[in-house]
Amino acid sequence: MAAAGSSDAPEPPDFGILKRLARDQLIYLLEQLPGKKDLFIEADLMSPLDRIASVSILKQHEVDKLYKVESRPVLNTSDQFCFLVRPRIKTMRYIADIVNADKMSGRSRKYKIIFSPQKFYACEMVLEEEGVFGDVTCDEWSFYLLPLDEDIISMELPEFFRDYFLEGDHRWINSISRALQLLNSLYGPFGKAYGIGRCAKMSYELWQDLEKESEGDSQGRKPEIGNVFLMDRDMDYVTTLCSQVVYEGLVDDTFRIKCGSVDFGPEVTSSDKSIKVLLNAQDKVFNQIRNEHFSSVFGFLSLKSRNLQAQYDRRRGMDIKQMKNFVSQELKGLKQEHRLLSLHIGACESIMKKKTKQDFQEMIKAEHSLLEGFDIRESTSFIEEHIDRQVSPIESLRLMCLLSITENGLIPKDYRSLKTQYLQSYGPEHLLTFHNLKRIGLLTEQSAGETLTAVESRVSKLVTDRAAGKITDAFNSLARKSNFRAISKKLGLIPQVDGEYDLKMPRDMAYVFSGAYIPLSCKIIEHVLERRSWSGLEEVVRLLNSNESVISGTASSTMWGKWAGMGGLRAGGIHSALPHPDSTAEDNPAWEAQRMVLAVFLGGCTFSEIAALRFLGKERGFKFIFLTTAITNSARMMEAMIEAKA
């Protein structure tokens, strides 16, 4: 099992208040439509809503029937319809159809639309075009943040990745900024803010504007989170494209974790029923294996099973009084633990069967070769064979994208060959998919002739450094080059190990990819927090095409300054918050807060990255809190490209 590290990390804040705030606001909005009402819920809001308010709570506030948006109510007698929806054009047309159908039949009802997390002008325009704007009332449910676990908060906006990074749609920036403002008001004032990426920069700047407008919301509050780091997903596509090998990541890749829970089917439960399981720190078995490399999990579960059996066997030597205490105090917990243990053993067996069918070991070997830059021709042949065998359209795309990014684009001959083979195997409709992948920079073709680096070097001789940086950004933005190999060498992302990497007692974050690769996103965060600035990372920033998109500033200057002064802080950052020899954590609130880091992933975060930063936190004695627009993995990213419009 992974080493726990030498120092204790601080306890995370209690995020239960976020659920209570969301539930109370929803109840208030429902009560604005007094009397019995039918509630239409958008499909991707159902799981988040289930974590916030149960059906019984909705019934208590006069919700009669529940419908899924897109389904048509049959012979409905309700006088009031309430729609809980995302701000989407197609949903507005669905609502308009219902309202207009009622008008045609002479049916009179009240209609209320509750947008989550916010309404957009485009939605109101569609309602107006359809002639129903005057028939509905509109409200916003500011449901920005859903705690999935004690250290994970999700905005549950999976479409953010496609909307921003592919379509260039900035509409969700406001939601991110307001989410940060809410967290800062509840758990701040935050101290230092770092970040990289255009979206990160825009979100940070709007957040700071919102803070200036509401100055004083955090006054008198003991800070619980000291540092914030914002990261755009396009700063590190490689990590998302790699196969996950930590247990939680494999469960997500295999069964698809949705809103913090997973449906285990008959192949896991060993029955004819499926079971929905909440995966969080409350599950004692899961909590001990979630961050572990899969190779260590079976041994742990086997040991756990023997220990559990030994606890059951204690009953044999008990007298009546001891047996009574055992039944009343321990038996229920043991049964629950036994049930969870059986489920996780079943999940492991199911994962093993599926991965064996998919030649998982061969795939991992090919991925490692791509990451290290060895045997590229052999890895390309593996991808071609994968396509020809029609193993999986998603997996084939993923491997092609990983090849492209690690090689800074495919040479034209390979690009045309792989594209042709893919379209022949999986259908010509994927022409649009290739267009999307090229547009976002996931699957590109190397341009003939002079390389971009050569052009940059000539330009830099003619203009100042700052101007050269801007021009370089412009060139790179157009060409969408990843520069992965140069970045990997600069940051040491490929560990140099003598002998075999010890996955049971890992030495660094590379264990989340079997010792072959340290996640780029996590390595950047580690470097910046260690240096308390971007100093020394100028070349990496340039290679990431982000000269103008770096954040290094104060998050909440006024109030943090007061707390820092009380705690004897020097210049901000993780290691600058050293406690005074005569002080304790209790009388130095800034010290505890400085060890708490809010890592914000814009465009999605993988469970591999979460596991890696948890490991880093244990090693260094601080705690990461994760805020993400959604949990993601390679399959979700590829699906977004297949489904997206050009």
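Keep in mind it's a predicted model, so treat the numbers as computed, not measured.

Asks: Help me understand the overall build of the chain in this model?
Replies: Across its full length, the chain holds 28 helices and 14 strands. For the chain, buried positions account for 56% of its 646 residues. Contacts spanning at least 24 positions in sequence make up 78% of the contacts within the chain whose residues lie at least 6 apart.

Asks: In this structure, what is going on with the pattern of salt bridges? I would like to understand it.
Replies: Pairs can form between side chains of opposite charge once their charged atoms are near each other. Tallied over the full model, the rule gives 37 salt bridges. When salt bridges that share partners are traced, they join Asp149, Asp151, Glu248, Arg290 and Arg614 into one network.

Asks: Would you mind showing me how to read the pairing of strand β1 (residues 37–41) here?
Replies: Residues in a regular strand project their side chains so that they alternate between the two faces of the sheet. Summarising burial for β1: 5 of the 5 residues are buried, a large majority. Of the two faces of β1, the one holding Lys37, Leu39 and Ile41 and the one holding Asp38 and Phe40 are both buried throughout. Pairing geometry for β1 and strand β2 (residues 63–68), over 4 bridges, is parallel. Residue pairing in the sheet places leucine 39 in a bridge with leucine 66 of β2.

Asks: When you look at the packing of helix α7 (residues 173–187) against helix α8 (residues 198–213) in this model, what are you seeing that I'm missing?
Replies: How two helices pack is summed up by the angle between their axes together with the distance between the axes. At a minimum axis distance of 8 Å, the contact between α7 and α8 shows a crossing angle of 55°. With respect to α8, the element α7 is oriented oblique. As for the relative orientation of α7 and α8, their crossing is right-handed in sense. Contacts from Ile173, Asn174, Ile176, Ser177, Arg178, Leu180, Gln181 and Asn184 in α7 reach Cys199, Met202, Ser203, Leu206, Trp207, Leu210 and Glu211 in α8. Grouping the amino acids of the contact of α7 with α8 by side-chain chemistry returns 8 nonpolar, 5 polar and 2 charged.

Asks: Help me understand the sheet that holds strand β7 (residues 152–154) in this model?
Replies: By definition, the strands of a sheet pair up through backbone hydrogen bonds, in either a parallel or an antiparallel sense. Strand order in this open sheet of 7 strands is β6-β7-β14-β13-β9-β8-β12, and the pairing throughout is mixed. Every other strand in the sheet has two partners, leaving β6 (146–149) and β12 (550–554) as the edge strands with one partner each. Sheet twist, expressed as the average angle between the axes of neighbouring strands with direction ignored, equals 20°. Two elements, strand β13 (residues 596–602) and strand β14 (residues 623–628), share 6 bridges in a ladder whose sense is parallel. Bridging from a neighbouring strand, leucine 598 pairs with isoleucine 625 of β14.

Asks: Would you explain the sheet that holds β1 in this entry?
Replies: Strand order across the open sheet formed by 5 strands is β2-β1-β3-β4-β5, with parallel pairing between neighbours. At either margin of the open sheet sits one strand with a lone partner, and together these are β2 and β5 (136–140). With direction set aside, neighbouring strand axes in the sheet form an average angle of 20°. Direction of pairing for strand β3 (residues 80–85) relative to strand β4 (residues 110–115): parallel, over a ladder of 6 bridges. Looking at the pairing, phenylalanine 83 lines up with isoleucine 113 of β4.

Asks: Help me understand the packing of aromatic side chains in this model?
Replies: Each aromatic ring pair is summarised here by two numbers: the centre-to-centre distance and the angle between the ring planes. By the definition in use, this model includes 27 aromatic pairs. Ring centres of phenylalanine 15 and tyrosine 187 lie 5.0 Å apart, and the angle between their planes is 75°; this geometry places the pair in the edge-to-face category. Here phenylalanine 15, found in the segment before α1 (16–31), pairs with tyrosine 187, found in helix α7; they are 172 residues apart in sequence, far enough to count as distant. Here phenylalanine 15 matches tyrosine 187 in class, with each residue buried. Taken together, a centroid distance of 4.9 Å and an interplanar angle of 85° make the contact between tyrosine 164 and phenylalanine 165 edge-to-face. For the pair tyrosine 164 and phenylalanine 165, one class covers both residues: buried.

Asks: Where do I start with unusual backbone geometry in this structure?
Replies: Excluding glycine, residues mostly carry a negative phi; peptide bonds, for their part, are mostly trans. In this chain, serine 116 is followed by proline 117 through a cis amide linkage whose omega measures 0°. Mapped onto the elements of the fold, proline 117 is located in the loop between β4 and α5 (121–129). Although it is not a glycine, serine 270 adopts a positive phi angle of roughly 55°. Looking at the element boundaries, serine 270 is found in the loop between α11 (266–269) and β11 (275–278). For serine 270, a relative accessible area of 69% corresponds to the exposed category.

Asks: Please clarify how the environment of glutamate 639 should be interpreted in this entry.
Replies: If you trace the backbone, glutamate 639 turns up in helix α28 (residues 634–643). Sequence spacing of glutamate 639 and leucine 397 is 242 residues, and the spatial spacing of their C-alpha atoms is 9.9 Å. Setting aside its immediate chain neighbours within four residues, glutamate 639 contacts Arg256 and Ile394.

Asks: What exactly am I supposed to notice about the side chain of serine 533 here?
Replies: Positionally, serine 533 belongs in the loop between α23 (520–531) and α24 (538–543). Among the polar contacts made by the side chain of serine 533, one reaches the main-chain amide nitrogen of serine 535 at a distance of 3.1 Å. Ignoring any residue separated from it by four or fewer positions in sequence, one finds serine 533 in contact with Tyr194, Val528 and Ser552.

Asks: Which parts of the structure should I look at to understand helix α18 (residues 412–426)?
Replies: Note on helix geometry: an α-helix contains 3.6 residues per turn, so any two residues three or four positions apart are oriented the same way. Its 15 residues give α18 an end-to-end C-alpha distance of 21 Å, which sits within 8% of 21 Å, the value for a rise of 1.5 Å per residue. Elements in contact with the buried residues of α18: α16 (376–388), α17 (393–406) and α19 (431–440). Immediately downstream of α18, the backbone of glycine 427 shows phi near 110°, a positive value.

Asks: How should the confidence of the model for the chain be read in this particular structure?
Replies: Interpretation of the predicted coordinates at a detailed level should be avoided for regions scoring low in pLDDT. Per-chain confidence: the chain averages 84 in pLDDT, with 81% of residues scoring 70 or above. Taken together, the stretch residues 450–466 has pLDDT below 50 and engages in 16 contacts with residues farther than four places along the chain or on a different chain. Low pLDDT, under 50, characterises residues 468–479; the stretch is placed with 24 contacts to residues that sit more than four places away or in other chains.

Asks: Sorry, what's going on with the pairing of strand β8 (residues 192–196) here?
Replies: Most of β8 sits out of view: 5 of its 5 residues are buried. Along β8, one buried face is formed by Lys192, Tyr194 and Ile196 and the opposite face, lined by Ala193 and Gly195, is buried too. Pairing geometry for β8 and strand β9 (residues 227–232), over 5 bridges, is parallel. Among the inter-strand pairings, isoleucine 196 is bridged to a residue of β9, identified as methionine 231. Sheet topology places β8 next to β12; 5 bridges connect them, and they run antiparallel. The residue bridging glycine 195 from the neighbouring strand is isoleucine 551, located in β12.

Analysis parameters
- Residues numbered from 1 in each chain as written.
- Predicted model: local features only at pLDDT ≥ 70, side-chain atom pairs only at ≥ 80, totals over all residues.
- Heavy atoms only, no water.
- Helix = DSSP H or I, 4+ residues; strand = E, 2+ residues; numbered from the N terminus.
- Buried < 20%, exposed > 50% of the residue type's maximum accessible area, 1.4 Å probe, protein only.
- Contact = heavy atoms within 4.5 Å.
- Salt bridge = Lys/Arg side-chain N within 4 Å of Asp/Glu carboxyl O.
- Pairing = 2+ DSSP bridges.
- Axes fitted to C-alpha atoms, helices over the stretch in contact; angles between N-to-C directions.
- Parallel < 35°, antiparallel > 145°, perpendicular 65-115°, else oblique.
- Left-handed = near helix turned anticlockwise from the far one by under 90°.
- Nonpolar A, V, L, I, M, F, W, Y, C, P; charged D, E, K, R; others polar.
- Phe/Tyr/Trp six-rings, centres within 6.5 Å; stacked < 30°, edge-to-face > 60°.
- Polar contact = N/O pair within 3.5 Å; in protein donor to acceptor, adjacent residues only side chain to side chain.
- Expected span 1.5 Å × (residues − 1).
- pLDDT = per-residue confidence, 0-100.

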